[in-house]
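Chain by chain, the residues run as shown.
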Amino acid sequence: MKVNKVPFLDLKAQYAQLRDEINPAIQQVLDSAAFAGGPFVQKFEEEFADFCGCAEAVGVSSGTDALWLALLALGIKPDDEVITVPNTFMATAEALSLCGARPVFVDIHEPTYLMDPLCIEAAITAKTKAIIPVHLFGQMADMDAIMKIARRHGLLVVEDASQAHGAEFKGQPAGSFGDAGCFSFYPGKNLGAYGEAGAVVTHNAELAQRIRLLRDHGQPHKYIHSVIGWNCRMDGIQGAVLSVKLKHLQAANEARRNHAECYETLFSCLPGIIRPVAATDAKHVYHIYSIRTPDRDGLIKHLDQTGVSCGIHYPIPLHLQEAYRHLGLEKGSFPIAERCASEQISLPMYPELTHDQVLWVVAGIADWSTTRSEFDRTESPP
Ligand SMILES: *Cc1c(COP(=O)(O)O)cnc(C)c1O
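Computed from a prediction, not measured in an experiment: that's the story for all the values here.

## Focus: the overall build of the protein chain
Secondary structure assignment for the protein chain yields 11 helices and 14 strands. Here the C-alpha radius of gyration of the protein chain, 21 Å, is about what a compact globule of 382 residues would show, namely 21 Å. By its C-alpha atoms, the protein chain is 80 × 55 × 35 Å across when sized along the principal axes. When burial is assessed residue by residue, the protein chain has 54% of its 382 residues classed as buried. Pairs at least 24 residues apart make up 71% of the contacts formed inside the protein chain by residues separated by at least 6 positions. Summing over all exposed atoms, the protein chain offers an accessible surface of approximately 17000 Å²; the carbon and sulfur share of this is 55%. For the protein chain, the centre of its 33 positive side-chain charges and the centre of its 45 negative side-chain charges are spaced 2 Å apart.

Below is the structure:
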């Protein structure tokens, strides 16, 4: 098959493959009018809790809400400090800020792009209440080390597993290590809804109950409001779509892992390309396949000319965002996260990618890499 274009993500191809299962599932919700919460959400909650090896899953309206409600239900409050990483999506920090807490960032482990456990203890103060490790790009942070530190200091752990559905650390699923695990089902995620959705998983039934209360205006029963909550309910249609897609998640993750293996093999002989590292203890599910090169913008431009669309996750670390200027963190505060942010490129990565498309992406990068190293040779002295 001739390739002339590789989109960064192809949700239309995904729907085309699942259409015969998705359409009747949505039709069932329409026929039963269970639109907000209800039996389709409950069914998905049971399946997803099971998938994550947890007793409970609470479906909510987004990954951001999952993080916010989990932190709120765990008692995070104004003036608390919560440790997380600066190289993540804004929602990780926003959720704790919305509880009134203060983000305390720590730098990352360069090869894996994940929270560096060696940086955590220096960041702990009398005000520290929780750690939010982010399982970035589909790979879990070192949960052995993080849980050990959390226990030693009496801290809560909330996993941001929004990019790690089905990822494992030493054979144990993402979301099942900490006090709560938070997932986003934004359409482009490994498990994506057809709209907005999220979930919190936990082993703690009491915590799950508190989150159920908070997601529905603090109502234990209709018209009875025992606490001030909010509306963070999941749509019935999303519950039905997610139940269908959960059945295909393992196979979809395997397809991503195969593409990653292919990229890994083909890139290993290209100069100037730093490949992502999968830790031996982790099962990486490649939500994002991120490589690094010092001339990131040059490579993106070149690939664009060959019809390959790329992404950048994330160009500006959170401590350098305008929204967090009040923290007073200068450029240079987290050198590894900052260097990665300036060099990373996310390549096309999704289960429906064809082998020819993978080869096309690699050919584009090989082409660029060759011209660049020639350029480097003429510049450097003999
Ligand atoms: C997607 C994502 C979120 C937010 O999820 P939404 O469903 O978009 O609210 C939070 N954290 C990380 C790391 C994410 O990738």
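## Quick notes on the environment of E343
For E343, the position within the fold is in helix α10 (residues 335-343). Residue class for E343 comes out buried when judged on its relative accessible area of 13%. Placed 28 residues apart in sequence, E343 and P315 show a C-alpha to C-alpha distance of 8.6 Å. When residues no more than four places from it in sequence are discounted, the contact partners of E343 are I291, R292, T293, P294 and R296. In terms of polar contacts, E343 uses its side chain to reach the side chain of R292, at 3.1 Å.

## Remarks on unusual backbone geometry
Most peptide bonds are trans, and most residues other than glycine sit at a negative phi. The linkage connecting H313 with the following residue, Y314, adopts the cis geometry, with an omega of 0°. Residue position: Y314 is located in the loop between α9 (296-305) and α10. Its identity is not glycine, yet K170 carries a phi of approximately 50°, on the positive side. Here K170 lies in the loop between β8 (168-169) and β9 (172-173).

## Overview of the site of the ligand
Taken together, 14 residues surround the ligand, and among them G63, T64, D160, S184 and K189 come closest. Here an oxygen atom of the ligand sits 2.8 Å away from a polar atom, N or O, in the side chain of Q163. In this structure, K189 approaches the ligand through a side-chain N or O atom, which is 3.0 Å from an oxygen atom. The protein chains hide 93% of the 380 Å² of surface that the ligand would expose on its own. Where the shell around the ligand is concerned, the elements lending two or more residues are α3 (63-73) and α4 (90-98). A total of 3 residues in the shell around the ligand trace back to one element, the largest contributor, which is α3. Split by residue class, the shell around the ligand holds 4 nonpolar, 8 polar and 2 charged.

## Some points on the sheet that holds β8
Strand order in this open sheet of 3 strands is β9-β8-β12, and the pairing throughout is antiparallel. Here the strands that pair on one side only, and so sit at the sheet edges, are β9 and β12 (282-283).

## Considerations on the pairing of strand β11 (residues 198-202)
Burial within β11 is extensive, with 5 of its 5 residues counted as buried. Side-chain alternation along β11 places G198, V200 and T202 on one buried face and A199 and V201 on a second face that is also buried. Direction of pairing for strand β1 (residues 56-60) relative to β11: antiparallel, over a ladder of 5 bridges. Each residue of the ladder has a partner; that of V58, found in β11, is V200.

## Considering the environment of S62
Take S62: it is sitting in the loop between β1 and α3. In the structure, S62 is positioned 45 residues away from Q17 in sequence and 25 Å away in space, judged by C-alpha atoms. Those residues within four positions of S62 in sequence are excluded, and the remaining contacts are E196, A197 and G198. Among the polar contacts listed, one links the side chain of S62 to the backbone nitrogen of T64, at a separation of 3.3 Å. Within the local environment of S62, its side chain forms a polar contact with the backbone nitrogen of D65, the two atoms lying 3.0 Å apart.

## Examining the layout of surface pockets
Size it by volume and the largest pocket reaches roughly 490 Å³. Looking at the largest pocket, it is lined by 29 residues, and the ones nearest its centre are Q163, Y186, K189, H287 and Y314. Listing elements by their share of the lining of the largest pocket, those giving two or more residues are α3 and α4. When residues in the lining of the largest pocket are grouped by element, the largest group, 3 residues, is from α3. Of the residues assigned to the lining of the largest pocket, the class counts are 14 nonpolar, 11 polar and 4 charged.

## Some words on α10
Those residues of α10 lying buried are A337, E338, C340, A341 and E343. Elements that come into contact with the buried residues of α10 comprise β4 (108-109), β13 (289-292), α9 and β14 (344-347).

## A closer look at the packing of helix α2 (residues 39-51) against helix α7 (residues 236-246)
Between α2 and α7, whose axes approach to 8 Å, the crossing angle comes to 35°. Here α2 and α7 pass one another in a crossing that is left-handed. On α7, the residues touching F40, V41, K43, F44, E47, F48 and F51 of α2 are G236, G239, A240, L242, S243 and L246. The residue makeup of the contact of α2 with α7, split by class, is 8 nonpolar, 3 polar and 2 charged.

## As for the packing of α3 against helix α6 (residues 205-215)
Between α3 and α6, the shortest axis-to-axis distance is 9 Å and the interhelical angle comes to 120°. Considering their axes alone, α3 and α6 lie oblique with respect to each other. Here α3 runs over α6; the crossing is right-handed. Here L69, A70, L72 and A73 of α3 come into contact with α6, specifically with L207, R210, I211, L214 and R215. A per-class count over the contact of α3 with α6 returns 7 nonpolar, no polar and 2 charged.

About the criteria used
Residues numbered from 1 in each chain as written. Predicted model: local features only at pLDDT ≥ 70, side-chain atom pairs only at ≥ 80, totals over all residues. Heavy atoms only, no water. Helix = DSSP H or I, 4+ residues; strand = E, 2+ residues; numbered from the N terminus. Rg over C-alpha atoms; globule rule 2.2 N^0.38 Å. Buried < 20%, exposed > 50% of the residue type's maximum accessible area, 1.4 Å probe, protein only. Contact = heavy atoms within 4.5 Å. Areas by Shrake-Rupley, 256 points an atom, 1.4 Å probe, with all protein chains shown as cover. Lys, Arg positive; Asp, Glu negative; His and termini not counted. Charge placed at Lys NZ, Arg CZ, Asp CG, Glu CD. Polar contact = N/O pair within 3.5 Å; in protein donor to acceptor, adjacent residues only side chain to side chain. Near = heavy atom within 4 Å. Nonpolar A, V, L, I, M, F, W, Y, C, P; charged D, E, K, R; others polar. Pairing = 2+ DSSP bridges. 1 Å grid on protein atoms, 1.4 Å probe; cavity = no way out; pocket = protein on both sides within 12 Å on 5 of 7 lines; lining within 4 Å. Points joined across faces, edges and corners; volume = space filled by probe spheres on them. Axes fitted to C-alpha atoms, helices over the stretch in contact; angles between N-to-C directions. Left-handed = near helix turned anticlockwise from the far one by under 90°. Parallel < 35°, antiparallel > 145°, perpendicular 65-115°, else oblique.

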